[in-house]
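# Coordinates in review
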Amino acid sequence: MSGTGTNLQALLDACVDPGYGARIVAVGSDRDDARGLERGRGGGCETFVVRLSDHPDRAAWDRALSVTVGAYAPDLIVFAGFMKIVGKGFVERFRGRVVNTHPALLPAFPGARAVRDTLAYGAKVTGVTVHLVDVDVDSGPVVAQCAVPVLADDDEERLHERIKSVERGLLVETVGLMARRGYRVEGRRVLMREPSDTYPSGAAR
Ligand code: GRF
């Protein structure tokens, strides 16, 4: 993560309840000053930083990130405000297990300026998308979405804050469901395991 970490904080708070079904094994960032590192430490998690500037190129950074993340053997990797694009190596190693949250209703307004682009376009409805990460930007299978209206007097900050208040809830709910019930991916569809479904938990891997 590389933002202010409010989505991460919502996950940390949810994980305090053993019934939530997930626990955070580590919090990582590409930046030393990411607020989420402090939040992670506050929640008793291990933290790590894998800086792009410590590596000769993007591919080397991507490999280092894969090794560091892989050492924790995570069932799920959640990009909660992580603003770097990971490479093919990372995506392939953890395919089906990397979740990203995006402040728009994909496939509308992908990319780092989603909220600004939404306002510039004049859209009346936007929202949040929780999706699996694949090799292209904000293009992986959708796990969950929730709509948020765009109000006449919205500016980027106001709209993003309103989106984030919905985003935190959707992310917590979705990650909890993925952890507790398991899921599978059929083409572009992500299907939560039903209680009667004999498909193994986390079989999307
Ligand atoms: C979220 O809206 C996320 O989707 C976007 O940046 C924001 C990060 O917020 N990529 P926070 O750091 O979790 O507060």
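Here, every reference points to the structure presented above.
A brief look at the structure comes next. (Residues numbered from 1 in each chain as written. Predicted model: local features only at pLDDT ≥ 70, side-chain atom pairs only at ≥ 80, totals over all residues. Heavy atoms only, no water.)

To continue, consider the pairing of strand S1 (residues 26-29). Neither face of S1 is left uncovered, since the one carrying Ala26 and Gly28 and the one carrying Val27 and Ser29 both have all their residues buried. Taking the sense of rotation as the criterion, the β-α-β connection linking S1, helix H2 (residues 35-42) and strand S2 (residues 46-49) turns out right-handed. (Buried < 20%, exposed > 50% of the residue type's maximum accessible area, 1.4 Å probe, protein only. Helix = DSSP H or I, 4+ residues; strand = E, 2+ residues; numbered from the N terminus. Right-handed = clockwise from strand over helix to strand, strands pointing away.)

The next thing to look at is the nonpolar core. Counting residues in hydrophobic clusters, the biggest one holds 25 residues, and the most contacted among them are Tyr20, Val130, Val143 and Met178. Those elements that place two or more of their residues in this core are helix H1 (6-15), strand S5 (125-132), strand S6 (142-149), helix H6 (156-181) and strand S8 (189-192). Of all the elements, H6 adds the most residues to this core, at 7 residues. With residues up to four places along the chain from it excluded, the contact list for Val143 reads Val130, His131, Leu132, Thr174, Met178, Val190 and Met192. Val50, Trp61, Ile77 and Val91 belong to the second-largest nonpolar core, a separate cluster that totals 16 residues. (Core = buried A, V, L, I, M, F, W, Y, C linked by side-chain atoms within 4.5 Å. Contact = heavy atoms within 4.5 Å.)

Attention now moves to the environment of Ala14. Assignment of secondary structure puts Ala14 in helix H1. Judged by its relative accessible area of 14%, Ala14 is buried. Remark: the alpha-carbon pair of Ala14 and Thr126, spanning 112 residues in sequence, is separated by 25 Å. Sequence-distant contacts of Ala14, that is, excluding residues within four places in its chain, are made with Tyr20 and Val172.

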